[in-house]
Amino acid sequence: MLMSDHTSRQAFGLKILNARHKEIRRLKREGYIAEIHGNKFWNSSFLIMDYLRQHPIPSSKRVLEIGCGWGLLGLFCSKKFSCSVHGIDADENVIPYLDLHAKVNKTKMTAEKKKFEQLSIAYLSQFDVILGADICFWNEMTEALLKLINRAKRGGVSTIMIADPCRSPFTDLAERAKERYKDVSVVEKFLKKPVNATGEILIINT
Ligand SMILES: C[S@@+](CC[C@H](N)C(=O)[O-])C[C@H]1O[C@@H](n2cnc3c(N)ncnc32)[C@H](O)[C@@H]1O
(Lines give C-alpha, C1' and ligand atoms only; values in the text may rest on other atoms or scores of the structure.)
Protein backbone atom coordinates (compact mmCIF):
# COMPACT_ATOMS: atom_id res chain seq x y z
CA MET A 1 0.00 0.00 0.00
CA LEU A 2 1.27 3.47 -0.86
CA MET A 3 0.33 6.34 1.42
CA SER A 4 1.82 9.76 1.26
CA ASP A 5 1.36 13.33 2.36
CA HIS A 6 3.38 16.36 1.39
CA THR A 7 6.17 15.61 3.91
CA SER A 8 6.48 11.80 3.69
CA ARG A 9 5.46 8.71 1.81
CA GLN A 10 4.94 5.08 2.74
CA ALA A 11 6.59 2.43 0.58
CA PHE A 12 7.79 -1.14 1.11
CA GLY A 13 6.60 -0.92 4.71
CA LEU A 14 8.76 2.14 5.41
CA LYS A 15 7.97 5.74 6.10
CA ILE A 16 10.26 7.93 3.98
CA LEU A 17 10.49 11.59 4.89
CA ASN A 18 11.16 14.30 2.33
CA ALA A 19 12.81 17.72 2.40
CA ARG A 20 9.60 19.39 3.59
CA HIS A 21 9.34 17.30 6.76
CA LYS A 22 9.98 19.37 9.90
CA GLU A 23 12.56 16.91 11.29
CA ILE A 24 14.51 16.93 8.00
CA ARG A 25 14.41 20.72 8.00
CA ARG A 26 15.61 20.73 11.62
CA LEU A 27 18.65 18.55 10.75
CA LYS A 28 19.51 20.87 7.85
CA ARG A 29 19.25 23.89 10.14
CA GLU A 30 21.57 22.13 12.59
CA GLY A 31 24.18 21.97 9.82
CA TYR A 32 23.95 18.38 8.57
CA ILE A 33 24.39 19.12 4.88
CA ALA A 34 25.20 16.08 2.73
CA GLU A 35 28.18 16.58 0.49
CA ILE A 36 28.24 13.62 -1.96
CA HIS A 37 24.62 13.38 -3.16
CA GLY A 38 23.34 11.90 0.11
CA ASN A 39 20.86 14.77 0.45
CA LYS A 40 17.78 12.57 -0.17
CA PHE A 41 16.61 9.01 -0.61
CA TRP A 42 17.42 7.64 -4.09
CA ASN A 43 15.11 5.33 -6.05
CA SER A 44 17.47 2.45 -6.89
CA SER A 45 17.01 1.18 -3.33
CA PHE A 46 13.43 0.34 -4.37
CA LEU A 47 14.80 -1.99 -7.08
CA ILE A 48 16.63 -4.07 -4.47
CA MET A 49 13.71 -3.93 -2.01
CA ASP A 50 11.41 -5.28 -4.73
CA TYR A 51 13.89 -8.05 -5.57
CA LEU A 52 14.33 -8.97 -1.90
CA ARG A 53 10.58 -9.28 -1.40
CA GLN A 54 10.79 -12.29 -3.72
CA HIS A 55 14.23 -13.40 -2.48
CA PRO A 56 14.19 -12.75 1.28
CA ILE A 57 17.38 -12.56 3.33
CA PRO A 58 17.39 -15.00 6.29
CA SER A 59 17.31 -13.19 9.63
CA SER A 60 20.62 -14.78 10.64
CA LYS A 61 22.51 -12.88 7.90
CA ARG A 62 24.56 -9.82 8.77
CA VAL A 63 23.96 -7.07 6.24
CA LEU A 64 26.22 -4.15 5.32
CA GLU A 65 24.79 -1.26 3.30
CA ILE A 66 27.56 0.66 1.55
CA GLY A 67 27.08 4.30 0.55
CA CYS A 68 23.98 4.05 2.73
CA GLY A 69 22.91 7.70 2.71
CA TRP A 70 19.63 7.83 4.64
CA GLY A 71 19.82 4.04 5.05
CA LEU A 72 16.34 3.09 3.87
CA LEU A 73 17.56 -0.06 2.10
CA GLY A 74 19.30 -1.28 5.25
CA LEU A 75 16.31 -0.30 7.37
CA PHE A 76 14.10 -2.33 5.02
CA CYS A 77 16.26 -5.43 5.73
CA SER A 78 16.17 -4.75 9.45
CA LYS A 79 12.42 -4.23 9.56
CA LYS A 80 11.26 -6.83 7.03
CA PHE A 81 13.75 -9.65 7.68
CA SER A 82 14.98 -8.84 11.22
CA CYS A 83 18.59 -8.92 9.98
CA SER A 84 21.30 -7.09 11.86
CA VAL A 85 22.31 -4.19 9.60
CA HIS A 86 25.21 -1.78 9.56
CA GLY A 87 25.74 1.09 7.16
CA ILE A 88 28.80 2.96 6.01
CA ASP A 89 29.02 6.23 4.15
CA ALA A 90 31.90 8.55 3.29
CA ASP A 91 29.79 11.50 4.43
CA GLU A 92 29.11 11.67 8.17
CA ASN A 93 26.37 14.25 7.59
CA VAL A 94 23.98 11.57 6.28
CA ILE A 95 24.00 9.58 9.53
CA PRO A 96 21.53 11.77 11.49
CA TYR A 97 19.03 11.28 8.63
CA LEU A 98 19.53 7.51 8.89
CA ASP A 99 19.04 7.62 12.66
CA LEU A 100 15.88 9.68 12.19
CA HIS A 101 14.45 7.13 9.72
CA ALA A 102 15.34 4.26 12.07
CA LYS A 103 13.40 6.03 14.83
CA VAL A 104 10.41 6.91 12.64
CA ASN A 105 10.26 3.30 11.38
CA LYS A 106 10.82 1.76 14.81
CA THR A 107 13.70 -0.38 13.61
CA LYS A 108 17.45 -0.61 14.17
CA MET A 109 20.52 0.01 12.07
CA THR A 110 23.98 1.15 13.11
CA ALA A 111 26.13 3.34 10.87
CA GLU A 112 29.53 4.97 10.69
CA LYS A 113 31.62 7.19 8.45
CA LYS A 114 33.83 5.07 6.20
CA LYS A 115 34.79 5.08 2.55
CA PHE A 116 34.56 2.06 0.23
CA GLU A 117 38.36 2.19 0.02
CA GLN A 118 38.70 1.84 3.82
CA LEU A 119 36.78 -1.43 4.18
CA SER A 120 39.43 -4.07 4.76
CA ILE A 121 39.05 -7.82 4.28
CA ALA A 122 38.85 -8.21 8.08
CA TYR A 123 36.15 -5.52 8.31
CA LEU A 124 34.11 -7.02 5.47
CA SER A 125 34.39 -10.53 6.94
CA GLN A 126 31.91 -9.42 9.63
CA PHE A 127 29.10 -9.47 7.03
CA ASP A 128 27.28 -12.03 4.89
CA VAL A 129 25.47 -9.71 2.49
CA ILE A 130 26.54 -6.33 1.07
CA LEU A 131 23.98 -4.02 -0.51
CA GLY A 132 24.38 -0.68 -2.24
CA ALA A 133 22.08 1.54 -4.31
CA ASP A 134 23.04 4.50 -6.49
CA ILE A 135 26.66 4.31 -5.43
CA CYS A 136 28.47 3.98 -8.78
CA PHE A 137 28.04 7.36 -10.46
CA TRP A 138 31.62 8.57 -10.98
CA ASN A 139 34.22 6.76 -13.10
CA GLU A 140 36.60 6.23 -10.17
CA MET A 141 33.84 4.41 -8.26
CA THR A 142 33.97 1.48 -10.69
CA GLU A 143 37.52 0.57 -9.67
CA ALA A 144 36.90 1.29 -5.97
CA LEU A 145 33.85 -1.00 -5.95
CA LEU A 146 35.58 -3.75 -7.94
CA LYS A 147 38.37 -3.76 -5.37
CA LEU A 148 35.81 -3.76 -2.55
CA ILE A 149 34.02 -6.76 -4.14
CA ASN A 150 37.35 -8.56 -4.36
CA ARG A 151 38.10 -7.93 -0.68
CA ALA A 152 34.55 -8.95 0.26
CA LYS A 153 35.00 -12.24 -1.59
CA ARG A 154 38.25 -12.87 0.25
CA GLY A 155 36.53 -11.97 3.52
CA GLY A 156 33.85 -14.61 2.97
CA VAL A 157 30.89 -12.35 2.14
CA SER A 158 28.41 -14.55 0.27
CA THR A 159 26.34 -12.06 -1.74
CA ILE A 160 26.84 -8.52 -3.04
CA MET A 161 24.03 -6.55 -4.71
CA ILE A 162 24.45 -3.14 -6.28
CA ALA A 163 21.58 -1.34 -8.02
CA ASP A 164 21.71 1.59 -10.39
CA PRO A 165 19.68 3.27 -13.13
CA CYS A 166 22.48 2.14 -15.50
CA ARG A 167 24.89 5.06 -15.48
CA SER A 168 28.03 4.18 -17.44
CA PRO A 169 30.35 3.63 -14.40
CA PHE A 170 27.84 1.03 -13.16
CA THR A 171 27.57 -0.66 -16.57
CA ASP A 172 31.38 -0.88 -16.64
CA LEU A 173 31.32 -2.37 -13.13
CA ALA A 174 28.78 -5.00 -14.20
CA GLU A 175 30.82 -5.92 -17.32
CA ARG A 176 34.05 -6.23 -15.38
CA ALA A 177 32.39 -8.24 -12.61
CA LYS A 178 31.02 -10.67 -15.24
CA GLU A 179 34.54 -11.11 -16.65
CA ARG A 180 36.09 -11.62 -13.23
CA TYR A 181 33.63 -13.75 -11.22
CA LYS A 182 31.74 -16.97 -12.01
CA ASP A 183 28.37 -16.45 -10.36
CA VAL A 184 27.25 -13.03 -11.55
CA SER A 185 23.82 -11.98 -12.71
CA VAL A 186 22.36 -8.67 -13.80
CA VAL A 187 18.65 -8.38 -13.08
CA GLU A 188 16.66 -5.76 -14.98
CA LYS A 189 13.93 -4.05 -12.98
CA PHE A 190 11.01 -1.89 -14.09
CA LEU A 191 8.87 -0.55 -11.27
CA LYS A 192 5.62 1.34 -11.65
CA LYS A 193 5.01 1.57 -7.90
CA PRO A 194 5.79 3.22 -5.53
CA VAL A 195 7.46 5.30 -8.28
CA ASN A 196 8.47 4.77 -11.88
CA ALA A 197 11.98 3.36 -11.51
CA THR A 198 14.08 1.36 -13.92
CA GLY A 199 17.56 0.00 -13.64
CA GLU A 200 19.63 -3.08 -13.00
CA ILE A 201 20.82 -5.01 -9.99
CA LEU A 202 24.28 -6.50 -10.21
CA ILE A 203 24.29 -9.65 -8.06
CA ILE A 204 27.55 -11.40 -7.25
CA ASN A 205 27.49 -14.67 -5.34
CA THR A 206 31.05 -15.27 -4.31
C1 LIG B 1 23.42 8.95 -4.59
S2 LIG B 1 23.68 8.74 -2.90
C3 LIG B 1 22.76 7.24 -2.56
C4 LIG B 1 22.44 7.08 -1.11
C5 LIG B 1 21.61 5.84 -0.75
N6 LIG B 1 22.30 4.63 -1.13
C7 LIG B 1 20.25 5.88 -1.39
O8 LIG B 1 19.98 5.05 -2.26
O9 LIG B 1 19.42 6.71 -1.02
C10 LIG B 1 25.37 8.15 -2.85
C11 LIG B 1 25.91 7.93 -1.45
O12 LIG B 1 27.21 7.33 -1.55
C13 LIG B 1 28.08 7.98 -0.64
N14 LIG B 1 29.46 7.83 -1.13
C15 LIG B 1 30.02 8.44 -2.18
N16 LIG B 1 31.30 8.04 -2.35
C17 LIG B 1 31.55 7.15 -1.35
C18 LIG B 1 32.70 6.39 -0.96
N19 LIG B 1 33.86 6.47 -1.64
N20 LIG B 1 32.61 5.58 0.12
C21 LIG B 1 31.43 5.49 0.81
N22 LIG B 1 30.32 6.20 0.51
C23 LIG B 1 30.38 7.02 -0.57
C24 LIG B 1 27.58 9.41 -0.60
O25 LIG B 1 27.98 10.11 0.54
C26 LIG B 1 26.08 9.23 -0.69
O27 LIG B 1 25.47 9.12 0.58
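Residues numbered from 1 in each chain as written. Predicted model: local features only at pLDDT ≥ 70, side-chain atom pairs only at ≥ 80, totals over all residues. Heavy atoms only, no water.

Explanation requested: the sheet that holds strand β10 (residues 197-205) in the structure shown.
Hydrogen bonds between backbone groups are what pair the strands of a sheet, and the pairing can be parallel or antiparallel. With respect to topology, 7 strands assemble into an open sheet ordered β6-β5-β4-β7-β8-β10-β9, the strand pairing being mixed. Of all the strands in the sheet, the pair left with one neighbour each is β6 (110-113) and β9 (183-191). Taking each pair of neighbouring strands and ignoring which way they run, the sheet shows an average axis angle of 20°. Bridge count between strand β8 (residues 159-164) and β10: 6 bridges; the pairing is antiparallel. If you follow I160 over to β10, its bridge partner there is I204. Against the sheet, helix α3 (residues 72-81) touches β4 (62-66), β5 (84-89) and β7 (129-133), its axis set at about 140° to β7. Packing against the sheet, helix α7 (residues 168-180) makes contact with β8, β9 and β10, and its axis sits at approximately 30° to β10. (Pairing = 2+ DSSP bridges. Helix = DSSP H or I, 4+ residues; strand = E, 2+ residues; numbered from the N terminus. Axes fitted to C-alpha atoms, helices over the stretch in contact; angles between N-to-C directions. Contact = heavy atoms within 4.5 Å.)

Explain the site of the ligand here, please?
The environment of the ligand is formed by 22 residues, the closest being W42, G67, D89, F116 and A133. Here an oxygen atom of the ligand sits 2.5 Å away from a polar atom, N or O, in the side chain of D89. F116 has a polar backbone atom sitting 2.9 Å from a nitrogen atom of the ligand. Bound to the protein, the ligand loses 96% of the 590 Å² it would expose on its own. Mapping the ligand onto the cavity grids shows that it belongs to the largest pocket. (Near = heavy atom within 4 Å. Polar contact = N/O pair within 3.5 Å; in protein donor to acceptor, adjacent residues only side chain to side chain. Areas by Shrake-Rupley, 256 points an atom, 1.4 Å probe, with all protein chains shown as cover. 1 Å grid on protein atoms, 1.4 Å probe; cavity = no way out; pocket = protein on both sides within 12 Å on 5 of 7 lines; lining within 4 Å. Sits in = over half its atoms within 2 Å of the grid points.)

Help me understand the nonpolar core in this model?
Soluble globular proteins tend to pack their nonpolar side chains together in the buried interior. Ranked by internal contacts, the top residues of the largest apolar core, which has 41 residues, are F46, M49, L52 and L131. Setting aside residues up to four positions removed in sequence, F46 forms contacts with R9, A11, F12, I16, F41, L191, P194 and V195. Membership of the second largest hydrophobic core comes to 29 residues, among which are F116, F127, I160 and V184. (Core = buried A, V, L, I, M, F, W, Y, C linked by side-chain atoms within 4.5 Å. Buried < 20%, exposed > 50% of the residue type's maximum accessible area, 1.4 Å probe, protein only.)

Is there a simple way to think about the side chain of D128 in this case?
Along the polypeptide, D128 turns up in the loop between α5 (121-124) and β7. At 2.7 Å, the side chain of D128 forms a polar contact with the backbone nitrogen of R62. Excluding anything up to four places from it in sequence, D128 contacts S60, K61, R62, V157, S158 and T159.

Explanation requested: the layout of surface pockets in the structure shown.
One water molecule sets the probe size; rolling that probe over the atoms shows where empty space is left. In this model, the largest pocket occupies a volume close to 550 Å³. Every residue lining the largest pocket is counted, 31 residues in all, and those nearest its centre are I36, G67, D89, I135 and F137. Residue assignment for the lining of the largest pocket shows that the elements contributing at least two residues are α3 and α6 (139-154). A total of 3 residues in the lining of the largest pocket trace back to one element, the largest contributor, which is α6. Of the residues contributing to the lining of the largest pocket, the split by class is 16 nonpolar, 6 polar and 9 charged. (Points joined across faces, edges and corners; volume = space filled by probe spheres on them. Nonpolar A, V, L, I, M, F, W, Y, C, P; charged D, E, K, R; others polar.)

Would you explain the pattern of salt bridges in this entry?
Close approach of charged atoms allows side chains with opposite charge to pair. Under the criterion given, the structure shown has 9 salt bridges. The partner of D50 in a salt bridge is K189, with the nearest N and O atoms 2.7 Å apart. You can see D50 sitting in helix α2 (residues 44-54) and its partner K189 sitting in strand β9, a full 139 residues away along the chain. Residue D50 shares its accessibility class with K189, and that shared class is buried. (Salt bridge = Lys/Arg side-chain N within 4 Å of Asp/Glu carboxyl O.)

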